[in-house]
Structure formats: C-alpha cells, structure tokens
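# Overview (structure and organization)
For reference, the chains in residue letters:
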Amino acid sequence: MIQAPRGTRDVLPAESYRWQFLEDKMRKAAALAGYREVRTPVFEHTELFLRGVGDTTDIVQKEMYTFKDKGDRSITLKPEGTAGAARCFLESNLYADALPCKMYYLDAPIFRYENPQSGRLREHHQFGLECFGAKEATADAELILLAFHLLEELGIKNLSVRINSIGCPKCRPAYHQTLKDYLAGRIDQLCDSCKERFERNPLRALDCKEKRCQELTKDAPSMLDLLCDECRDHFEALKSCLDGAGIPYSVDSRIVRGLDYYTKTVFELVTATKDGNLTVCGGGRYDNLVEQIGGPSLPAVGFGMGLERVLMLLDSEGIVLPRPNQYDIFITYMGQNRGAAFRTVQDLRAQGIKADMDHCGRSLKAQFKYANKTGAPLSGTIGDDEAAQNALKIKNMATGEEKTVPAAEAPGVIRNMIG
RNA sequence: GUGGGUAUAGCGUAGUUGGUUAACGCGCCAGAUUGUGGCUCUGGAGAGCGUGGGUUCGAGUCCCACUACUCACCCCA
C-alpha cells in the first residue's frame, strides 16, 4: 500500500476548517498592517539558496530537496520563505517603487529533509511577512507585535518573546574572534558537536542544550557588549518600541538563528508545552540579503510562522476553533421522490443554503441517521404527501419539532431557523 | 546522520509459559409490524496479525533482517 511520504501530513476534509480559520486570521492581521500577499514558486534555482541562506548552514548543506530537472538545471524545493520573496522583490524591480514594500505569504509549503518528530515535518507550511526597504527598528517591532498579538488572539498562552541582536558585518567578526578566544581555552570540555562547529560557527555553542556547554558559556562574552554604535542604537530603539507596546519579552543573547542572512535583530516566539519549549515563530532583520542575491543594498526584516506548530499549540492548550456545519439542511425523501428531492437540493443551494441529500440509496430511516451524523441542524422530508402539495416538511434535529411549509417559503423558513 | 520505543480489522485495544476456524469496544451496514435520527436490543460485513526469512510437528506469540510509524539528539517553523 502506498503511503504519504515520510514527514508529510494530509489535512483531512474533517479538519481543514481549522486551517482555514487560521489562514483567515493571518490574512486579516497582515492586511491590517499593510502587508499584501505574494505568491512565489514552490521551487527555485538552487543558486538562490546557496547565496541567500548561506552555503555553510545546515539547511543548505544537508536538508534541501535538490534535483536536476530535464533541462539539467539544479532545482531546489523552498527550504524557507524569505529567499524566494527577496528574489521576487528584486526580479520585479519592486525596490524602484515607494518603499517599504510589505508582503506576506501564507500556507507556503516549505521542504527540509530532516528526521521527522513532534512539531517537525519534511513538508510544513509557513505564514511569513517580509518588509523590504525599512531600516528603522519600528519595522522590526511591528512584526514582533503582529506575531505576538495574532497568537494571543488565537488564545495561545505562555507566549514569550525573545529578542537578540547578532550585529552586522562591521561588528560581528570582532565578536566572533572574541568568542573563539574565550572558547579556545575550554574546547576540550565542550560537547562533541560544539567542538565540531567551533571553527565554522562558534556562536552555536551559546544555545547548545548540553549542560556542560551551558555552564561553560555562562560567562562568555555577549554579542550585545560588542555591538557597533549603529547596531546598539537599533537594538535600543527596538526595545523601547516593545516597552511602549507593553508586551512581555526578554533579551536572550543566546538566540542564534541558523540562516546566514540575519543581521542585527533576531527574535523568536516561544511557548512552553508539556514536552518543553516550542518555537512557533522566528525571524529577524536581513539587511544584506537583497544585495547578496544581486540587488541593491537594501535593509529588510521579516519572520516565518509555522502553521502546523500553531495548530499543535491550539490542540495542546485545548483551544477549540469554531467548526462550520457541513450542511444547513439535509433533504430526506421516500419512494419515488428522489427526483423532487434532487430539485429541492439544487433550489436551496441556489439560495445560498448548504443542502444535500442521500446519494447511496438508503432507507428513510438510514437517511435520518446519516443526517444526524453530519450534524445538519435541520432535515427536510419529501414524501408523497409533501410532493402532492409541493411542500417540504422541515424538522429541527435538536428538538424534533416539525412543520410543513410550501416549497416557495422554504428558504426563508430555513434561514430563520438556522439564525 | 545517531539512539530508544512501537507495529494485530477504518480507529482504539486483548491475545496468558508458542497449540483447534484470532477476541473486545467504537465505527460501519441491516433489522426491532414497513413516513423519521440521537437511547436500547439483535444480527452482519470486515483483519489472518507491517514485509521477508528462520527455529518448530505447530508462531500474532521465539530469532534475524528490512520497512514504516513514533520520540529524542542535531537543526529549525
């Protein structure tokens, strides 16, 4: 039997309403802040990610779905959303228009060849916002607030915002060296993976989960102490925006994101679950990305939010989303009245009423049983009597109350009953 | 890439020290004097026990391999 590929998930008809509900909230939140939707291809030239995300990152080195197409081009399924948006922004010369250029993408499939586990899939979906051409910290802040309020409005509790600044090409190299000098004397005591990445990316030791490494790096020099004036001012401005907005946040100098394009601000929205912390949203500033992929030097900031993770949190916090009825009314029929039932269903649908009937040749009793199962609030029966008077016998499935109404009045009565 | 756990009908499970035609609940279908669901009762369909080997007179029950699922590391949404 053929199964869905490892690390993928079907969204079944009975649960798609949860996605739609979320998507609706996300679109509204984005629109409220002037972000408009962009849709970019699911695959891009591999080169884009090599240059954008960074060819030393784990994502690029071992997690991309890369293949040759029939024209011998190297193609990669999007391993993240920002590079594609930046490419689109650049290719369509949107930087020539009034800036900033604000865009969002929704339900964009993201592919990473990872070992699946709780909250981690090989194909997942993100809601992402990108703001191109805005250098001020208010842009960083509005994104953090938008993400925070969106999740808060959905009812997610225990939400914490963590921010950090990882500097810019002017001040980061110096910090890199300072940290390496600090770790060099203790390298023997670091865990194996931290030893391995010491040369390539020593910053990783800062958010290592090993107790030993956490101990060893507790007093390590912080990037925040070595920021250049520009980066420090930016970070201070961001904090004051967040202070003013009154949302709880913490500065966590250990946040290091896994994509090379970040500069200055990085942030995460984390929730505490029974199995530990789960990051639902991550983002930051990427002032060099556009230039890196061949465009003008142009500041930008954005974030990605994992749809599956948001849904997971809603689940684990017991938040129930409103489930729409599959039907407003289910039409049952007897004997030779199947044709009349069919016409009635079509007429009701034309009136904007969600209606259906039996298509399986069931007995009247079984039709009611089925109607009940679908959760239809009303049923409408057509037997010989009703057919003779061109009427419909409408029943409230919850109370059992029935009344026969002329066909012409049915839509109005139904609307009234479902209020 | 590394390590742990699990694999029995659509779903959730039971299967005792290996031994007749694999059990139960839910769900599904059909009935309970024929124009009506939700409760109850009765009956029915549906798995040969992840796949492939092996041990044995005999394996869902033991051994091996593979695969899938799952959790964790790594990394990240």
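Residues numbered from 1 in each chain as written. Chains lettered and ligands numbered in written order. Predicted model: local features only at pLDDT ≥ 70, side-chain atom pairs only at ≥ 80, totals over all residues. Heavy atoms only, no water.

## Looking at the overall build of chain A
Scanning chain A from N- to C-terminus turns up 15 helices and 16 strands. Its C-alpha atoms give chain A a radius of gyration of 28 Å, clearly above 22 Å, the size a compact globule of 419 residues would have. Taking the principal axes of its C-alpha atoms as reference, chain A extends roughly 95 × 55 × 50 Å. The 419 residues of chain A split such that 48% are buried. Sequence separation of 24 or more characterises 68% of the internal contacts of chain A that already satisfy a separation of 6 or more. Here chain A displays about 21,300 Å² of accessible surface, and carbon together with sulfur accounts for 48% of that area. Separation of charge centres in chain A, based on 55 positive and 58 negative side chains, amounts to 4 Å. (Helix = DSSP H or I, 4+ residues; strand = E, 2+ residues; numbered from the N terminus. Rg over C-alpha atoms; globule rule 2.2 N^0.38 Å. Buried < 20%, exposed > 50% of the residue type's maximum accessible area, 1.4 Å probe, protein only. Contact = heavy atoms within 4.5 Å. Areas by Shrake-Rupley, 256 points an atom, 1.4 Å probe, with all protein chains shown as cover. Lys, Arg positive; Asp, Glu negative; His and termini not counted. Charge placed at Lys NZ, Arg CZ, Asp CG, Glu CD.)

## As for the side chain of Thr46
Tracing the chain through its elements places Thr46 in helix 2 (residues 46–54). A residue is classified by how much of its surface remains accessible, and Thr46, at 9% relative accessible area, is buried. Separated by 2.7 Å, the side chains of Thr46 and Thr76 make a polar contact. In this structure, Thr46 is in contact with Met64, Thr66, Ser74, Ile75 and Thr76, ignoring residues within four places of it in sequence. (Polar contact = N/O pair within 3.5 Å; in protein donor to acceptor, adjacent residues only side chain to side chain.)

## Regarding the pattern of salt bridges
Scanning all chains against the criterion turns up 22 salt bridges. Across the pair Glu44 and Arg87 runs a salt bridge, and its minimum N-O distance is 2.5 Å. Placement of the pair is Glu44 in strand 2 (residues 43–45) and Arg87 in helix 4 (residues 82–91), with a sequence separation of 43 residues. Accessibility expressed as a relative area gives 6% for Glu44, which makes it buried. The partner of Arg51 in a salt bridge is Glu47, with the nearest N and O atoms 3.1 Å apart. Linking Arg51 with Glu47, this pair stays in helix 2, spanning 4 residues, or about one helical turn. Taking the relative accessible area as the measure of exposure, Arg51 reaches 39% and is therefore partly exposed. Owing to a relative accessible area of 42%, Glu47 belongs among the partly exposed residues under this scheme. Bridged by salt links that share partners, the residues Asp140, Lys170, Glu230, Lys264, Arg285 and Asp287 form one connected network. (Salt bridge = Lys/Arg side-chain N within 4 Å of Asp/Glu carboxyl O.)

## Things to note about the sheet that holds strand 8 (residues 249–251)
With mixed pairing, 8 strands are arranged side by side in an open sheet as 1-5-6-11-10-9-7-8. Each end of this open sheet is capped by a strand with a single partner; those strands are strand 1 (36–37) and strand 8. Where strand 6 (residues 123–132) and strand 11 (residues 300–306) come together, 7 bridges link them in antiparallel fashion. Considered in strand 11, the bridge of Gly128 is made with Gly304. Each of strand 6, strand 9 (263–273), strand 10 (276–285) and strand 11 is contacted by helix 11 (residues 307–316), which is oriented at about 145 degrees to strand 10, the strand it contacts most. (Pairing = 2+ DSSP bridges. Axes fitted to C-alpha atoms, helices over the stretch in contact; angles between N-to-C directions.)

## Some points on unusual backbone geometry
Across the chain, the bulk of peptide bonds are trans and the bulk of non-glycine residues have phi less than zero. With an omega of 5 degrees, the peptide bond running from Leu99 to Pro100 counts as cis. For Pro100, the location among the structural elements is in the loop between helix 4 and strand 5 (101–111). Of note, the phi angle at Asp72 is positive, near 65 degrees, even though the residue is not glycine. Residue classification places Asp72 among the exposed residues on the basis of a relative accessible area of 55%.

## Observations regarding the nonpolar core
Core analysis: the biggest nonpolar cluster contains 69 residues, and Phe127, Leu151, Leu269, Phe303, Met305 and Val310 have the highest contact counts within it. Dropping the residues within four chain positions of it, Met305 is found in contact with Met26, His125, Gln126, Phe127, Ala147, Leu150, Leu151, Val280, Cys281 and Val310. Counting 30 residues, the second-largest nonpolar core is a separate cluster that includes Leu48, Cys101, Met103 and Leu298. (Core = buried A, V, L, I, M, F, W, Y, C linked by side-chain atoms within 4.5 Å.)

## Some remarks on the confidence of the model for chain A
Looking at chain A as a whole, the pLDDT averages 91, with 97% of positions reaching at least 70. Summarising per-element confidence for chain A, the mean pLDDT is lowest in helix 7 (residues 192–196) (68) and highest in strand 1 (98). The ipTM value of the predicted complex is 0.87, and its pTM value is 0.92. (pLDDT = per-residue confidence, 0-100.)

## Regarding the domain arrangement of chain A
As assigned here, chain A comprises domain 1 (16–155 + 266–316) and domain 2 (329–418). Taking the mean C-alpha position of each, domain 1 and domain 2 sit 47 Å from one another. (Domains from an automatic or database assignment.)

## Let's talk about the packing of aromatic side chains
Applying the stated criterion to the full structure yields 12 aromatic pairs. Put simply, the rings of Phe89, Tyr95, Phe132, Tyr261, Tyr262 and Tyr286 touch in pairs and so form one group of aromatic residues. The ring centre of Tyr113 lies 4.0 Å from the NZ or CZ of Arg122, which sits over that ring. Here the basic side chain of Arg362 rests over the ring of Tyr370, its NZ or CZ set 4.4 Å away from the ring centre. (Phe/Tyr/Trp six-rings, centres within 6.5 Å; stacked < 30°, edge-to-face > 60°. Lys NZ or Arg CZ within 6 Å of the ring centre and 35° of its normal.)

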